[in-house]
Amino acid sequence: MKAIVFTKYGTPDVLELREVDKPIPKDDEVLIKVYAVSINDWDWALLQGDLINRLLNGLLKPKKKILGSDIAGRIEAVGKNVRQFQPGDEVFGDLSGDWGGFAEYVCARENALALKPASMTFEEAAAIPQAAMLAVQGLRDKGQIQPGQKLLINGAGGGVGTFAVQIAKLYGVEVTGVDSSGKLDMLRSMGFDQVIDYTQEDFTKNGQCYDLILDVKTNRSIFDYTRALSPNGIYVTVGGSMVRLFQALLLGPWISMISKKNIRLVALKQNKDLAYMNELFEAGKVKPVIDGPYKLSEVPEAMRYFGEGKHKGKVVITLEHNKGHLNSE
Ligand SMILES: NC(=O)c1ccc[n+]([C@@H]2O[C@H](COP(=O)([O-])OP(=O)(O)OC[C@H]3O[C@@H](n4cnc5c(N)ncnc54)[C@H](OP(=O)(O)O)[C@@H]3O)[C@@H](O)[C@H]2O)c1
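Residues numbered from 1 in each chain as written. Predicted model: local features only at pLDDT ≥ 70, side-chain atom pairs only at ≥ 80, totals over all residues. Heavy atoms only, no water.

Trainee: Residue-level account of the overall build of the protein chain, with values.
Mentor: When helices and strands are counted, the protein chain shows ten helices and 15 strands. Judged by the C-alpha coordinates and their principal axes, the protein chain covers about 55 × 45 × 40 Å. Taking all 329 residues of the protein chain together, the buried fraction comes to 57%. Contacts in the protein chain between residues far apart in sequence, at least 24 positions, make up 70% of those at least 6 positions apart. When the accessible surface of the protein chain is split by element, carbon and sulfur atoms take 53% of a total near 14300 Å². In the protein chain, the 40 positive side-chain charges and the 40 negative ones have mean positions that sit 4 Å from each other. (Helix = DSSP H or I, 4+ residues; strand = E, 2+ residues; numbered from the N terminus. Buried < 20%, exposed > 50% of the residue type's maximum accessible area, 1.4 Å probe, protein only. Contact = heavy atoms within 4.5 Å. Areas by Shrake-Rupley, 256 points an atom, 1.4 Å probe, with all protein chains shown as cover. Lys, Arg positive; Asp, Glu negative; His and termini not counted. Charge placed at Lys NZ, Arg CZ, Asp CG, Glu CD.)

This is the structure in structure tokens:
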């Protein structure tokens, strides 16, 4: 089968389209013919090989050589202990930890997968798992979002932000989005009530306060974020600068003690809310924002584009056998 392989850490130039062996599912795994896969920040970090990702995937060179976690496809074969799925089922899910999605076939444990609704394209399905789970778990579980609140999303135009605004609107909140100037029109068209260009304005210093802040960048001091929270406000980070995240982790409990403001971090529960996302999608309440789709051979270019932060929503790769981007063959 064809796959995008990397044998050393580096820039997207180290990614190569190669012919490799088709994987064989273990007893508790299924073999999936991949129809679409999306790019996540974690793919980018693994490719570059920062210290944390080297500890996960090999200090000197990558042990898992095929990136790609958020996949959608059709089950081709099942291991003997698999109970939930059968060949022919259309599924999607986040395989991070195992990866292997930038390929024509991948194996996955059945608990990493959900059935894809027939009305959802494979590209839409591949866009959902990691970004939508972070948005749901950030807003609902950690953020305890309530009707009538003022919400700010920092890093609003990427994967998490474009899901988060749609979910937040279901709660009847007023949403402000922060991103670069080229993305503000898209944010307005998606229903953000206010937009802020972070290159022109610092939202932590403009005197506005928010009941809930969802942050995908975490690039400022925790004291700046605290200042932008209303008296009982909650700040939720899903990721960003490691130094800033440690600061939030260490000082968050102390800030909660001396004020009524809360600082919370999301630890992703992979695939936990896929069924909920299916419900929202089928009810027409959420639609993934897709940048692309690119071909498998274009993964290096798509990764470069992702790394430059130029994308809007989710960068999606579609496989050659997903002819015409149809749901079903
Ligand atoms: N908590 C967990 O367990 C867990 C698990 C997996 C991933 N994550 C994290 O989840 C996040 C993924 O978010 P995502 O998929 O939405 O990323 P994304 O698609 O890369 O979107 C990030 C957005 O932020 C914008 N941005 C860049 N610099 C900014 C700044 N200074 N201020 C405001 N916006 C800025 C980018 O646009 P421009 O570049 O045009 O500015 C982009 O639109 C990452 O932080 C990742 O580490 C967390």
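That was the structure; now back to the text.
Trainee: Any chance you could break down the packing of aromatic side chains for me, citing the residues and the numbers?
Mentor: Enumeration according to the criterion identifies seven aromatic pairs in this entry. A ring pair is formed by phenylalanine 223 and tryptophan 254, whose centres lie 6.5 Å apart and whose planes are at 85 degrees; its orientation type is edge-to-face. Of the two residues, phenylalanine 223 sits in helix 7 (residues 222-227) while tryptophan 254 sits in helix 8 (residues 242-258), which places them 31 residues apart along the sequence. With relative accessibility at 40%, the residue phenylalanine 223 sits in the partly exposed group. Through a chain of ring-to-ring contacts, the aromatic side chains of Phe203, Tyr225 and Tyr235 assemble into a single cluster. When the ring centre of phenylalanine 122 is taken as origin, the NZ or CZ atom of lysine 116, which lies over that ring, is 4.6 Å away. (Phe/Tyr/Trp six-rings, centres within 6.5 Å; stacked < 30°, edge-to-face > 60°. Lys NZ or Arg CZ within 6 Å of the ring centre and 35° of its normal.)

Trainee: A description of the packing of helix 4 (residues 129-142) against helix 9 (residues 274-282) should follow, citing residues and the corresponding values.
Mentor: Taken N-terminus to C-terminus, the directions of helix 4 and helix 9 make an angle of 95 degrees; their axes are 10 Å apart at the nearest point. Here helix 9 runs roughly perpendicular to helix 4, going by the angle between their axes. For the pair helix 4 and helix 9, the contacting residues are Pro129, Ala132, Met133, Val136 and Arg140 in the first and Leu274, Tyr276 and Met277 in the second. When its residues are assigned to classes, the contact of helix 4 with helix 9 shows seven nonpolar, no polar and one charged. (Axes fitted to C-alpha atoms, helices over the stretch in contact; angles between N-to-C directions. Parallel < 35°, antiparallel > 145°, perpendicular 65-115°, else oblique. Nonpolar A, V, L, I, M, F, W, Y, C, P; charged D, E, K, R; others polar.)

Trainee: How would you explain the environment of histidine 311 if you had to name every residue and give the values?
Mentor: Relative to the helices and strands, histidine 311 is located in the loop between helix 10 (299-307) and strand 15 (314-318). The spatial distance from the C-alpha of histidine 311 to the C-alpha of aspartate 197 is 16 Å, given a sequence separation of 114 residues. Leave out the neighbours within four places in its chain, and histidine 311 touches Gly157, Gly158, Lys183, Asp291, Tyr305 and Phe306.

Trainee: Give a detailed account of the nonpolar core, specifying residues and quantitative values.
Mentor: In summary, soluble globular proteins display a tendency toward joint burial of nonpolar side chains. Formed by 50 residues in total, the largest nonpolar core has its most connected members in Leu151 and Met277. Top contributing element to this core by residue count: helix 4, with seven residues. Once residues within four sequence positions are removed from consideration, leucine 151 is found in contact with Leu139, Ile145, Ala168, Val173, Glu174, Val175, Thr176, Tyr210, Leu212 and Leu214. Judged by nonpolar contacts, the second largest core, of 43 residues, contains Leu15, Ile71, Val91 and Phe102. (Core = buried A, V, L, I, M, F, W, Y, C linked by side-chain atoms within 4.5 Å.)

Trainee: Please give an account of the side chain of threonine 318 that cites residues and values.
Mentor: With respect to the element layout, threonine 318 can be found in strand 15. Polar side-chain contacts of threonine 318 include one of 2.8 Å to the side chain of glutamate 123. (Polar contact = N/O pair within 3.5 Å; in protein donor to acceptor, adjacent residues only side chain to side chain.)

Trainee: So what's going on with the confidence of the model for the protein chain? Which residues, and what values?
Mentor: Counting all residues, the mean pLDDT for the protein chain is 96, and 98% of those residues have values of 70 or more. Ignoring residues within four places in sequence, the model shows residues 325-329, a span with pLDDT below 50, making 18 contacts including any to other chains. (pLDDT = per-residue confidence, 0-100.)

Trainee: Describe the site of the ligand, with residues and values.
Mentor: The full set close to the ligand counts 26 residues, and Asp179, Ser180, Tyr198, Asn219 and Val266 are the nearest of them. Between glycine 159 and the ligand, the recorded distance is 3.0 Å, taken from a backbone N or O atom to an oxygen atom. Contact with the protein chains removes 83% of the 950 Å² of surface that the ligand exposes when unbound. Secondary structure elements with two or more residues in the shell around the ligand: helix 4, helix 5 (159-169) and strand 9 (174-179). Considered class by class, the residues forming the shell around the ligand number ten nonpolar, twelve polar and four charged. (Near = heavy atom within 4 Å.)

Trainee: Can you explain the pairing of strand 9? Please cite residues and give values.
Mentor: Buried residues dominate strand 9, accounting for five of its six residues. Relative to strand 9, strand 8 (residues 150-154) is paired through five bridges, and the arrangement is parallel. Following the sheet pairing, leucine 152 is matched in strand 9 by threonine 176. In the classification by handedness, the crossover that spans strand 8, the intervening helix 5 and the parallel strand 9 is right-handed. As paired strands, strand 9 and strand 10 (residues 194-197) are joined by four bridges and run parallel to one another. Of the residues in strand 10, the one forming a bridge with glycine 177 is valine 195. (Pairing = 2+ DSSP bridges. Right-handed = clockwise from strand over helix to strand, strands pointing away.)

Trainee: Give a detailed account of unusual backbone geometry, specifying residues and quantitative values.
Mentor: The omega torsion across glycine 292 and proline 293 is 5 degrees, close enough to zero to call that bond cis. Within the fold, proline 293 resides in strand 14 (residues 290-295). Positioned with a positive phi, glutamine 144 is a non-glycine residue whose angle comes to about 45 degrees. Inspection of the secondary structure puts glutamine 144 in the loop between helix 4 and strand 8. A positive phi angle, near 40 degrees, is found at threonine 218, a position not held by glycine. Note that threonine 218 resides in the loop between strand 11 (210-215) and helix 7. Exposure remark for threonine 218: the relative accessible area of 1% places this residue in the buried category.

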